Amino acid sequence: MKILIAHYWLVSMRGGEKVVEALCEMYPDADIFTLVADPSVLSPTIKRHTIHTSFLQRLPGVKRYYTSLLPLFPFALEGFDASPYDLVISSESGPAKGIVPRPDAVHVTYVHSPMRYLWDHYHEYRREAGFITRLAMALFSPALRMWDVSTAARVDTFAANSHHIKNRIMRYWRREASVVHPPVATGDFAISEDRDDFYLCAGQLVGYKRVDLAVDAFTETGKPLVVIGTGPEEKRLKKRAGPNITFLGYQPFKVLKDHMARCRALVFPGEEDFGIIPVEVMASGRPVIALARGGALETVVEGTSGILFHDQSVAGVREAVSAFEAREDEFDPEAVRAHALTFDTERFKTEMAALIDATIANHYSRRR
């Protein structure tokens, strides 16, 4: 079969791109369609494939402001010619499922999340945006939601990265989905004999991740907290942080991995669709203190790989850290890592291959 992998944009190597990387390993002859790409940041596995970009790629400086071009995404996606391909696998978080396959092609979509800025996080994104962006969101979002819902009809089978996302697919698109947790390169992480007296927050510093709750809670208690990552919230967080909070900004993987292995625990106060960083920390043998919502309910096992708290507030984080410290010695690094290994990349490949093969078989059986 001639195979196409469609991904919203390829400008980093985060969780969505790790899924694309795994799909590239599964289908080494597949082509890639994406709205915008920056080859300099992509893995060798992805760059070995033929990558086709949309007309947006030709806009000057587009890699800096591509997310502001949302109203143009439907035109860019539908401008791709997918007619030569027998199998289309789209990777959806920004729009990707809107590509138009030929009528007899098979289309499987892996969903990281329905577009947050159109659906569940719409009002949060709008509050944080400037005047022009707020106006554009008000003008274009209703039509974009209709387009987003209508393009769900172009998909034969949906795979969701968590039960949390499965429920949102049903809520917004009224479609069933199978759950296939995303790939985590657990082999890249290891247990360290060294332990330091600090807690860790890591990831992109954006509002919905609620790193502000951890910063405020640790500022109150005076306990050491290390924050790794950058984002629009960074300046605001630094202004409110006490001297016990260390901001390291962006760090190479080697430094991030070292901090994951040496921290007392990861503090994870936001609601994530899945949350790969907690699994990476657990693969390093360290427990996770996580909000009991979203993907954390599927990755953190209470009392085995971490603790879950329900109150998303400064007091809730503070109390969760105290509860963790009261039972910190109960967490066995080997048991924590063993749990993380159940989310390994090979498991993802096996489950996705089975789902895609079943979809293909069902598609051709209906045509007989």
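Here the structure is a predicted model, which is why all the values come from computation and not from measurement.

Some points on the packing of aromatic side chains
Point 1. Under the definition given, this model contains 13 aromatic pairs.
Point 2. Ring centres of W9 and F73 lie 5.7 Å apart, and the angle between their planes is 55°; this geometry places the pair in the tilted category. Remark: F73 occurs in helix α4 (residues 73-78) and W9 occurs in the loop between β1 (3-7) and α1 (15-26); sequence separation between them is 64 residues. When sorted by exposure, W9 lands in the same class as F73, which is buried.
Point 3. For the ring pair F33 and Y85, a centre distance of 5.7 Å and an interplane angle of 85° mean the geometry is edge-to-face. Of this pair, F33 sits in strand β2 (residues 31-34) while Y85 is found in the loop between α4 and β4 (87-92), placing the two residues 52 residues apart along the sequence.
Point 4. For F33, a relative accessible area of 5% puts it in the buried group.
Point 5. When its relative accessible area of 4% is taken as the criterion, Y85 is described as buried.
Point 6. Among the aromatic side chains, those forming a connected cluster through ring pairs are Y8, W9, Y66 and F73.

Description of a nonpolar patch on the surface
Point 1. Nonpolar side chains collect at one region of the surface, where F131, I132, L135, L139 and F140 lie side by side and expose about 550 Å² of accessible area between them.
Point 2. Positionally, I132 belongs in helix α6 (residues 131-151).

Let's talk about the nonpolar core
Point 1. If you look at the biggest cluster of nonpolar residues, it comprises 37 residues, and the most contacted ones within it are W9, L35, I99 and W173.
Point 2. Every element with two or more residues in this core is listed here: β1, α4, α6, β6 (157-160) and α7 (163-173).
Point 3. Counting residues per element, this core draws most heavily on α7, which supplies 4 residues.
Point 4. In terms of nonpolar packing, the next biggest core, distinct from the first, is built from 27 residues, L10, V20, Y27 and A159 among them.

With respect to the side chain of T34
Point 1. Relative to the helices and strands, T34 resides in strand β2.
Point 2. The class for T34 is buried, based on a relative accessible area of 1%.
Point 3. Ignoring sequence-local partners within four residues, the contact set of T34 consists of H7, Y8, W9, L10, I51, H52, T53, S54 and F80.

Thoughts on the pattern of salt bridges
Point 1. Within the structure shown, the criterion is met by 27 salt bridges.
Point 2. The salt bridge involving D38 is made with K63; its shortest N-O contact spans 3.8 Å. Here D38, found in the loop between β2 and α2 (44-47), pairs with K63, found in helix α3 (residues 62-65); they are 25 residues apart in sequence, far enough to count as distant.
Point 3. What makes K63 partly exposed here is its relative accessible area of 40%.
Point 4. Here R154 ties to E78 by a salt bridge, and the two come within 2.8 Å at their closest N and O atoms. Residue R154 is located in the loop between α6 and β6, and its partner E78 is located in helix α4; the two are separated by 76 residues in the primary sequence.
Point 5. The exposure class of R154 is partly exposed, given its relative accessible area of 26%.

Regarding the sheet that holds strand β3 (residues 51-53)
Point 1. Spatially, β3-β2-β1-β4-β5-β6-β7 is the arrangement adopted by the 7 strands of the open sheet, whose pairing is parallel. Single-partner strands in this sheet number two, and they are β3 and β7 (178-179).
Point 2. Here β1 pairs with β4 via 5 bridges, running parallel. Within β4, the residue paired with A6 across the bridge is S90.
Point 3. Sheet strands in contact with helix α15 (residues 345-367) are β4, β5 (106-111), β6 and β7, and its direction is about 150° off that of β5.

Quick notes on the layout of surface pockets
Point 1. Taken as a whole, the second largest pocket holds about 210 Å³ of empty space.
Point 2. Here the residues of the lining of the second largest pocket sort into 1 nonpolar, 3 polar and 7 charged.

Quick look at the pairing of β6
Point 1. Residues T157 and A159 of β6 are buried on one face, and the alternating residues F158 and A160, pointing to the opposite face, are buried as well.
Point 2. Bridge analysis of β5 against β6 gives 4 bridges, and the strand direction is parallel. The residue bridging T109 from the neighbouring strand is F158, located in β6.
Point 3. With 2 bridges connecting them, β6 and β7 associate as parallel partners. Looking at β7, one finds that A160 is bridged to V179.
Point 4. Note on the crossover from β6 through α7 to β7: the handedness is right-handed.

The rules we used
Residues numbered from 1 in each chain as written. Predicted model: local features only at pLDDT ≥ 70, side-chain atom pairs only at ≥ 80, totals over all residues. Heavy atoms only, no water. Phe/Tyr/Trp six-rings, centres within 6.5 Å; stacked < 30°, edge-to-face > 60°. Helix = DSSP H or I, 4+ residues; strand = E, 2+ residues; numbered from the N terminus. Buried < 20%, exposed > 50% of the residue type's maximum accessible area, 1.4 Å probe, protein only. Patch = residues over 30% accessible without salt bridge, like charges linked within 9 Å, V, L, I, M, F, W, Y side chains within 5 Å. Areas by Shrake-Rupley, 256 points an atom, 1.4 Å probe, with all protein chains shown as cover. Salt bridge = Lys/Arg side-chain N within 4 Å of Asp/Glu carboxyl O. Core = buried A, V, L, I, M, F, W, Y, C linked by side-chain atoms within 4.5 Å. Contact = heavy atoms within 4.5 Å. Pairing = 2+ DSSP bridges. Axes fitted to C-alpha atoms, helices over the stretch in contact; angles between N-to-C directions. 1 Å grid on protein atoms, 1.4 Å probe; cavity = no way out; pocket = protein on both sides within 12 Å on 5 of 7 lines; lining within 4 Å. Points joined across faces, edges and corners; volume = space filled by probe spheres on them. Nonpolar A, V, L, I, M, F, W, Y, C, P; charged D, E, K, R; others polar. Right-handed = clockwise from strand over helix to strand, strands pointing away.

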